[in-house]
Amino acid sequence: MAKILGVGNLVLDTILTLDHYPKEDDEVRAQSRQFRFGGNTANTLYVLSQLGHESAIASTLATDEQAKHLKKAIQDQGISTEHIQRFIKGATPTSYIFVSKHTGSRSITHYRDLPELGFEHFAKIEVEAYDWLHFEGRNMDALPGMLNIAKTFLDRQPISLEIEKARDGIEALFSSANLLLFSHHYAKQKGYQDAESLLKEAHKAAPQANLVCTWGDRGAWCLSASGELHHEPAQPIKQLVDTLGAGDTFNAAIIHHLLAGANLKQAVHQASLLAARKCQQFGLDNLLQPLASRKPIANIKHISSSKATVVPAPGRSHKVVLIKYDDQIKAYENNCPHQDVPLDEAYKIDINPFEMTMKCSVHDAYFRIDDGVCIEGPCWRDELKPVDIEIDSDTGGIYLAE
Ligand code: FRU
């Protein structure tokens with residue numbers, strides 16, 4: 001177990017899960033809304049806590065009501081808040097996030113007017129007490145000074161720097177870190193067509209550092225300080241559920257495995273596995289709890305597109321209807337919104353493979369399999385309630401999401 005200090009943002013995420021992204025000027029209804037703490041560093045530290053490390057966040061916090069909840073939420077996950085700097089000016093930074101159930105991808109709209117961490121505040125932290133320092137590549141006013149202090153006072157502790165976006169002057173900081181974690185957004189913003197060219201260029205500016213660049217479903221590339229280049233293909237993903245925080249998870253896993261003595265290539269491989277697991281569940285909770293220790297409600301090999309499979313769902317008030325649609329498994333509560341009766345109350349649920357609908361056996365309401373919306377029948381426009389599921393990519397087990 002190591003002591004890790006993360007310097008970056010703490011944000012309130014409001015996450016709306018939608019079937020599809022709305023078009024501009026459209027009006028849609030979200031299927032669920034969740035409030036969570038977020039921010040790249042906070043997310044990375046949360047995963048590091050789950051991996052058994054003692055972590056602390058150096059970030060700013062407002063004094064509003066939301067800030068109180070945020071502080072408690074991260075403390076509840078074992079992240080120390082002793083290095084937080086409070087500001088009366090400004091409100092809790094917020095991100096409004098759409099997660100599309102159709103694609104699993106997310107769109108983030110971020111708003112902040114809270115000041116960033118001050119250099120003087122950071123300078124008072126006893127950084128020598130930590131085994132690893134992780135910095136978010138933002139806060140360009142104070143970051144050069146903070147890295148300078150860290151370099152001056154630390155002898156054995158590695159420094160990682162996340163480069164998510166292009167920012168003026170950030171390249172001058174490459175030489176201060178032992179590990180540079182690039183995103184493909186940064187690479188693209190800087191005009192690179194692939195990760196390899198970015199890493200080769202960055203290696204010239206930071207020959208002392210291990211370099212990593214993730215590139216979505218193309219996988220990740222790494223270039224060690226000794227010049228060894230490696231491509232790690234993306235892990236197969238059975239059902240993309242939620243990519244929010246996948247990059248932050250990846251970064252945490254790299255730090256964890258390097259601390260445990262892995263080489264860069266091994267660390268990147270392990271990080272890809274954990275990031276893939278993250279993409280197949282909502283949020284970051286229980287990331288390490290193997291699905292195998294839970295009980296599956298079904299297995300994908302028994303689910304077809306021509307038949308609705310109804311299975312018991314322990315802990316829920318209705319059974320679950322499972323059906324294959326394109327490459328996905330759709331899951332809905334077995335409850336017709338018309339009269340709150342099971343869809344298979346009178347007879348089995350009929351599937352129309354041409355219209356891609358399923359029919360309630362009681363009063364013939366037709367629901368689109370894709371999004372559960374009733375397109376014909378007594379509850380026209382009402383919707384079946386979707387059920388969040390996770391799929392184990394090794395075994396095909398289908399689990400209720402936690
Ligand atoms: C995900 C995330 C969110 C946060 C946003 C900040 O990587 O950290 O939790 O709201 O990005 O840009």
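Here the residue numbering is sequential within each chain, running from 1 through the sequence in written order. The model is predicted, so local features are restricted to residues of pLDDT at least 70 and side-chain atom pairs to those at 80 or more, both for listing and for counting; the totals for chains, interfaces and linings are taken over all residues. The side-chain quantities take in all heavy atoms of the structure and omit both hydrogens and water.

1. A look at the overall build of the protein chain
Inference 1: Going along the chain from the N terminus, every DSSP run of H or I of four or more residues is numbered as a helix, and every run of E of two or more is numbered as a strand. Check the secondary structure of the protein chain and you find 8 helices and 25 strands.
Inference 2: Each of the three principal axes of the protein chain carries a C-alpha extent, and together these read 75 × 50 × 40 Å.
Inference 3: For the protein chain, the residues scored as buried account for 51% of the 402 residues in total.
Inference 4: By the convention used here, residues are in contact when the closest approach between their heavy atoms is within 4.5 Å. Partitioning the intrachain contacts of the protein chain with sequence separation of at least 6 by distance along the chain shows that 60% fall at a separation of at least 24.
Inference 5: Positive: Lys, Arg. Negative: Asp, Glu. His and the chain ends are not part of the count. By convention, the point assigned to a charge is CZ for Arg, NZ for Lys, CD for Glu and CG for Asp. Looking at the protein chain, you have 41 positive and 52 negative side-chain charges, and the mean spots of the two groups are 2 Å apart. Burial status follows relative accessibility: with a 1.4 Å probe on protein chains alone, a residue under 20% of its type maximum counts as buried, one over 50% as exposed, and anything between as partly exposed.

2. Here's the deal with the packing of helix α1 (residues 40-50) against helix α7 (residues 246-259)
Inference 1: Structural elements are reduced to axes, namely lines fitted to C-alpha atoms, with helices fitted over the stretch in contact, and the angle between N-to-C directions of any two is expressed from 0 to 180 degrees. Here α1 crosses α7 at 50°, and the two axes come no closer than 8 Å. Between α1 and α7, the angle falls in the class oblique. Read as a crossing pair, α1 and α7 show a hand that is right-handed. Note on element contacts: α7 touches α1 through D248, T249, N251, A252, I255 and H256, opposite N40, N43, T44, V47 and L48. Here is the rule for angles: anything less than 35 degrees is roughly parallel, anything more than 145 is roughly antiparallel, 65 through 115 is roughly perpendicular, and the remaining ranges are oblique. Here is the rule for handedness: rotate from the far helix to the near one, and if that takes an anticlockwise turn smaller than a right angle the crossing is left-handed, while a clockwise turn gives right-handed.

3. Digging into the sheet that holds strand β18 (residues 320-325)
Inference 1: Pairing between strands is defined by DSSP: at least two bridges between them are needed. Across the sheet, 3 strands lie side by side as β17-β18-β19; this open sheet has antiparallel pairing. The open sheet has two edge strands with one neighbour each: β17 (309-311) and β19 (328-333). Strand-to-strand, the axes of this sheet are offset by a mean angle of 30°, without reference to chain direction.
Inference 2: Pairing of β17 with β18 involves 3 bridges; the strand directions are antiparallel.

4. Side note on the packing of aromatic side chains
Inference 1: For this analysis, a ring pair means two rings from Phe, Tyr or Trp (six-membered ring only for Trp) whose centres lie within 6.5 Å, classed as stacked if their planes differ by under 30 degrees, edge-to-face if by over 60, and tilted for the remaining angles. Summed over all chains, the structure comprises 4 aromatic pairs.
Inference 2: Geometrically, the ring pair formed by F174 and F182 is edge-to-face, given 5.3 Å between the ring centres and 80° between the ring planes.
Inference 3: The buried category is assigned to F174, whose relative accessible area is 4%.
Inference 4: Grouping aromatic residues by their ring pairs yields a cluster made of F174, F182 and Y186.

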